[in-house]
Amino acid sequence: KAGVTQTPRYLIKTRGQQVTLSCSPISGHRSVSWYQQTPGQGLQFLFEYFSETQRNKGNFPGRFSGRQFSNSRSEMNVSTLELGDSALYLCASAGGAGGTYEQYFGPGTRLTVT
Amino acid sequence: GDSVTQMEGPVTLSEEAFLTINCTYTATGYPSLFWYVQYPGEGLQLLLKATKADDKGSNKGFEATYRKETTSFHLEKGSVQVSDSAVYFCALSRKGGGADGLTFGKGTHLIIQP
């Protein structure tokens with residue numbers, strides 16, 4: 001079974017621009033979560049989507065948004081980029097079968113804001 | 001709110017040494033606990049998990065026991081190899097199907113010398 005894929009793997013943007021990152025979950029998984037990883041703050045939860053609905057959101061400004069499509073693929077958008085948005089953005093998918101569930105991570109998208 | 005505390009390192013050991021990476025948590029209810037590993041340039045891989053008190057998770061020679069009385073989930077391995085060099089993350093997730101995302105520790109950088 002193919003794993004979680006993320007595109008692009010690397011991205012360089014200029015401050016003030018916007019960016020869209022894409023995530024394709026493991027086949028059959030309906031939950032997709034996004035995380036930001038930085039050396040200073042570590043891994044932080046951005047938001048989670050299940051069946052095209054955002055179920056929960058972490059403590060990030062409104063410039064960070066996402067969506068999920070009917071095939072469970074998800075996109076994350078960051079508008080008005082700031083230097084501090086430079087990070088590794090990780091996507092994780094899960095089966096979503098009630099109770100506890102395991103999240104499987106993709107390789108990440110490395111975003112550099114200059 | 002929920003939090004996870006772990007030693008950040010780097011932790012440097014010789015091959016075949018015994019490994020312990022401490023992890024303690026603060027959370028309401030009865031969270032599930034996880035250890036993830038991240039190799040250079042890659043995303044996170046689930047190493048092991050435990051979903052209730054006194055459960056022991058194990059994989060690839062690594063073990064961790066869910067201790068509710070001490071709110072701990074320490075990672076151990078009897079004999080480490082150079083290939084175990086990576087960053088290890090302790091994480092928790094609340095039970096009950098809540099999509100609250102994973103709460104991660106800061107990560108422990110492990111270096112194994114031949």
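None of the values given here were measured: they were computed from a predicted structure. (Residues numbered from 1 in each chain as written. Chains lettered and ligands numbered in written order. Predicted model: local features only at pLDDT ≥ 70, side-chain atom pairs only at ≥ 80, totals over all residues. Heavy atoms only, no water.)

A. Quick peek at the nonpolar core. Residue and element names in this part refer to chain B. Core analysis: the biggest nonpolar cluster contains 25 residues, and Trp35, Leu48, Phe73, Leu75 and Tyr88 have the highest contact counts within it. Sorting the residues of this core by element identifies β2 (11-14), β3 (19-21), β4 (23-26), β5 (32-38), β6 (44-50), β8 (62-65), β10 (86-93) and β12 (108-113) as the ones contributing at least two each. Per-element tally for this core: the top contributor is β10, with four residues. Here Leu48 is in contact with Leu33, Phe34, Trp35, Gly57, Ser58, Asn59, Phe62, Glu63, Ala64, Phe73 and Leu75, once residues within four sequence places are set aside. (Core = buried A, V, L, I, M, F, W, Y, C linked by side-chain atoms within 4.5 Å. Buried < 20%, exposed > 50% of the residue type's maximum accessible area, 1.4 Å probe, protein only. Helix = DSSP H or I, 4+ residues; strand = E, 2+ residues; numbered from the N terminus. Contact = heavy atoms within 4.5 Å.)

B. The arrangement of the pattern of salt bridges in detail. According to the stated counting rule, one finds 10 salt bridges over all chains in the structure shown. Because the salt bridges share partners, they merge into one network encompassing A:Arg63, A:Glu82 and A:Asp85. (Salt bridge = Lys/Arg side-chain N within 4 Å of Asp/Glu carboxyl O.)

C. Spotlight on the packing of aromatic side chains. Counted under the stated rule, the structure contains 12 aromatic pairs over all chains. Relative to B:Phe104, the ring of B:Phe89 has its centre 6.1 Å away and its plane inclined at 85 degrees; by these criteria the two rings are edge-to-face. One end of the pair, B:Phe89, is in strand β10; the other, B:Phe104, is in strand β11 (residues 103-104), and 15 residues separate them in sequence. With respect to class, B:Phe89 is no different from B:Phe104; both count as buried. Geometry around A:Phe50 places A:Arg55 over its ring, the cationic atom sitting 4.4 Å from the centre. (Phe/Tyr/Trp six-rings, centres within 6.5 Å; stacked < 30°, edge-to-face > 60°. Lys NZ or Arg CZ within 6 Å of the ring centre and 35° of its normal.)

D. Geometry of the state of the cysteines. Residue and element names in this part refer to chain A. A full pass over the atoms with the stated rule returns two disulfides over all chains. The partner cysteine of Cys23 in its disulfide is Cys91, sulfur to sulfur 1.7 Å. An S-S torsion of about -50 degrees defines the bridge between Cys23 and Cys91 as left-handed. Remark: Cys91 occurs in strand β9 (residues 87-94) and Cys23 occurs in strand β3 (residues 19-24); sequence separation between them is 68 residues. (Disulfide = S-S within 2.5 Å.)

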